[in-house]
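# Breakdown of the fold
Each chain is listed here by its residues.
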Amino acid sequence: MDKKDIANIRKQFKPDNDLLKIHDIFNVYIMKESSEIYHHQSMPFDMLEQEQQELFLENFKKVLSGQLDEKLFELKFQRDVENSSQLTLHQALLSNDTEEWKGQMLRLIERMLQDKQYEMDIVVTFIHGEYMKPMKRQSDESEESERDTVYSNPFILCSMNKTQDPKKELLFDYVEKEFKYNIVVDPIINLKAPISGFLFPSITDNAADVNHVLYSAGKKNEPSYHFMEDVLNAEEIMTAAQDKLVFEEIVNKVAGDQAMNTSKLSNVYDEIHRVVEESEEEDTPKLDYKDVENVLASSGIDDVNTEKVESAFKTVLDDEKYEFKASSVVPKYNSKSIKIETKIANISISPQDLRHVRQVHFDGKSYLMMEVEENTVIEGFEMIPEALFEKAPDDEE
C-alpha cells in the first residue's frame with residue numbers, strides 16, 4: 001500500500017457513507033493484573049448510537065494515520081507458520097457467521113496476551129466491514145453512474161486502546177444549590193490515541209493482498225515487535241529512523257578518515273533527491289549497494305568503489321543485497337527537517353540549504369558560519385555585519 005491507498009480508505013470512515021459498510025463491531029476488555037479477558041461484546045455497528053459510531057469512526061481513522069515506515073508499516077506474513085494469524089484472519093474475512101468471526105478474533109486476542117503484560121487495562125476493538133470504491137466512468141457520455149460499478153474490498157480492522165482513570169472533579173448542582181464531588185469509578189477508554197492496530201488485507205490499487213497486513217504503531221518509529229512478529233506472524237522490518245541510522249553508518253565506513261563536511265553531505269542528499277525525482281516508479285525508489293556507490297561517488301567522496309561499499313553493507317547489515325527506501329535516508333527535502341544542535345543554539349534548515357552552512361576554526365575556536373542573503377534581525381534589531389577575517393597588508397608575503 002502507498003500513502004494514496006491508505007488515504008482513500010481513511011477518508012471513508014465518516015458517518016452516513018454508503019461506500020463503507022461496517023457489519024459488526026467486537027469489543028474485548030483485558031485486565032492488566034491478570035492479562036485475561038474480563039468481558040467481550042459484539043453487536044451490529046448500526047445498533048450503536050450515532051455519537052458512539054462517530055467516536056469509533058474517528059478512532060479507526062487514527063489507526064490509519066501517520067507516515068509509512070514511521071507509524072504505518074506494510075508487513076509481509078511469515079511463511080510456514082503453524083496456525084498462522086494470516087490463516088485466522090483470512091478465514092474470518094470469508095466468514096458470514098458472526099460467532100465464527102468472533103471466535104477467530106478471540107484467537108488473535110490469545111496471541112496478544114501470550115507472554116505479554118500490559119501496563120494498563122486494554123480494550124481491543126475489531127470491525128468486519130466492506131470498503132467500496134467507484135470505478136471511473138469510461139466516458140462523459142456514458143449514462144452509467146459511477147456508483148453502478150465499484151471495487152469491493154472486505155476488510156478487518158483492529159484498534160487497541162488503553163484505559164485511564166476518570167478525572168476527579170468538583171461540580172455545582174443547580175437544583176440543590178450546592179457543590180458536589182464527582183464520584184466516577186468507571187474507567188475511561190481513550191479512543192483519541194490508539195496504541196496499536198492493523199488493517200487486513202492490504203489493499204493496493206483497489207486489489208486485496210492477503211499476503212500483507214497494514215500495521216499501525218502507537219508512536220512514530222516505535223513499533224511493537226511483539227505485536228508484529230508474535231501476534232501477526234509478520235516478517236521483521238526496519239523503521240525509517242533505523243534505515244537512516246544504518247545508512248549513515250555505511251556512509252561513514254565508506255568515507256573512512258575523510259572529513260564529511262556540509263558540502264559533501266548536502267551533495268549526498270541532493271543526489272538521493274534527484275534519484276527520487278527522476279524515478280518513474282509510483283512508489284519511493286530503493287537504493288541497493290550499487291546505487292549507494294553511485295550516490296557517494298557523485299557527491300565528492302574520494303576512493304569509492306564497489307568492493308568497499310559492498311563490504312560496508314556486509315559489516316553493518318550482514319546483507320549486501322539490502323535495499324534502502326530513498327525516502328527513509330534523506331530528510332524531508334522541502335522542509336526544515338535537518339536539526340543542528342549546539343550548546344548555545346538549535347537551528348533547523350532544509351537539506352537543500354545545508355551547503356550554506358560551514359563549521360570553521362579561527363583563532364583556536366570553532367564557529368558555525370551561515371551564508372545569508374540579507375542582514376540578520378534579532379528581536380527587531382538589525383545586526384551590523386562584522387569582519388571575521390582581516391586582509392593581510394600588501395607588503396606581507
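Because the structure is a prediction, the values reported are computed rather than measured. (Residues numbered from 1 in each chain as written. Predicted model: local features only at pLDDT ≥ 70, side-chain atom pairs only at ≥ 80, totals over all residues. Heavy atoms only, no water.)

The nonpolar side chains of soluble globular proteins are, as a tendency, buried together. If you look at the biggest cluster of nonpolar residues, it comprises 33 residues, and the most contacted ones within it are Leu75, Met105, Met112, Val124, Phe126 and Phe198. For this core, the element with the highest residue contribution is helix α4 (residues 98-113), accounting for six residues. Apart from residues no more than four positions distant in its own chain, Phe198 is found in contact with Val63, Leu89, Leu108, Phe126, Ile156, Leu157, Cys158, Val213, Leu214, Tyr215, Phe227 and Leu232. Counting 31 residues, the second largest nonpolar core, distinct from the first, contains Phe324, Ala326, Ile338 and Ile349. (Core = buried A, V, L, I, M, F, W, Y, C linked by side-chain atoms within 4.5 Å. Buried < 20%, exposed > 50% of the residue type's maximum accessible area, 1.4 Å probe, protein only. Helix = DSSP H or I, 4+ residues; strand = E, 2+ residues; numbered from the N terminus. Contact = heavy atoms within 4.5 Å.)

Looking at the element boundaries, Trp101 is found in helix α4. By relative accessible area, which is 1% here, Trp101 ends up buried. Leaving out residues up to four positions away in the same chain, Trp101 has contacts with Asp24, Phe26, Ala92, Ser95, Phe126, Ile127, His128 and Ile156.

A few words on a nonpolar patch on the surface. Residues Leu170, Phe172, Tyr174, Val175, Phe179, Tyr181 and Ile183 make up a contiguous nonpolar surface patch of roughly 950 Å² in combined accessible area. Elements with a contribution of two residues or more to the nonpolar patch: β6 (169-173) and β7 (178-182). If you trace the backbone, Leu170 turns up in strand β6. (Patch = residues over 30% accessible without salt bridge, like charges linked within 9 Å, V, L, I, M, F, W, Y side chains within 5 Å. Areas by Shrake-Rupley, 256 points an atom, 1.4 Å probe, with all protein chains shown as cover. Salt bridge = Lys/Arg side-chain N within 4 Å of Asp/Glu carboxyl O.)

With that settled, the discussion passes to empty space enclosed by the protein. Taken as a whole and assessed by the stated rule, the structure comprises one cavity of 30 Å³ or more. In this structure, the largest cavity occupies an estimated 50 Å³ of space. Lining the largest cavity are Asp5, Asn8, Ile9, Tyr131, Lys133, Ile203, Asp205 and Asn206. Looking at the lining of the largest cavity, the elements with two or more residues in it are α1 (3-10) and β4 (122-134). For the lining of the largest cavity, the leading source of residues is α1, giving three residues. Here the lining of the largest cavity is composed, by residue class, of three nonpolar, two polar and three charged. (1 Å grid on protein atoms, 1.4 Å probe; cavity = no way out; pocket = protein on both sides within 12 Å on 5 of 7 lines; lining within 4 Å. Points joined across faces, edges and corners; volume = space filled by probe spheres on them. Nonpolar A, V, L, I, M, F, W, Y, C, P; charged D, E, K, R; others polar.)

Let's shift gears to the packing of helix α6 (residues 240-255) against helix α9 (residues 306-317). In contact at an axis separation of 9 Å, α6 and α9 are set at 135 degrees when each is read in the N-to-C sense. Classified by the angle between their axes, α6 and α9 sit oblique to one another. As α6 packs across α9, the resulting crossing turns out to be right-handed. When α6 is examined against α9, the residues Val246, Glu249, Ile250, Lys253 and Val254 are found in contact with a partner set consisting of Lys308, Val309, Ala312, Phe313, Thr315, Val316 and Leu317. Residue classes in the contact of α6 with α9 are distributed as eight nonpolar, one polar and three charged. (Axes fitted to C-alpha atoms, helices over the stretch in contact; angles between N-to-C directions. Parallel < 35°, antiparallel > 145°, perpendicular 65-115°, else oblique. Left-handed = near helix turned anticlockwise from the far one by under 90°.)

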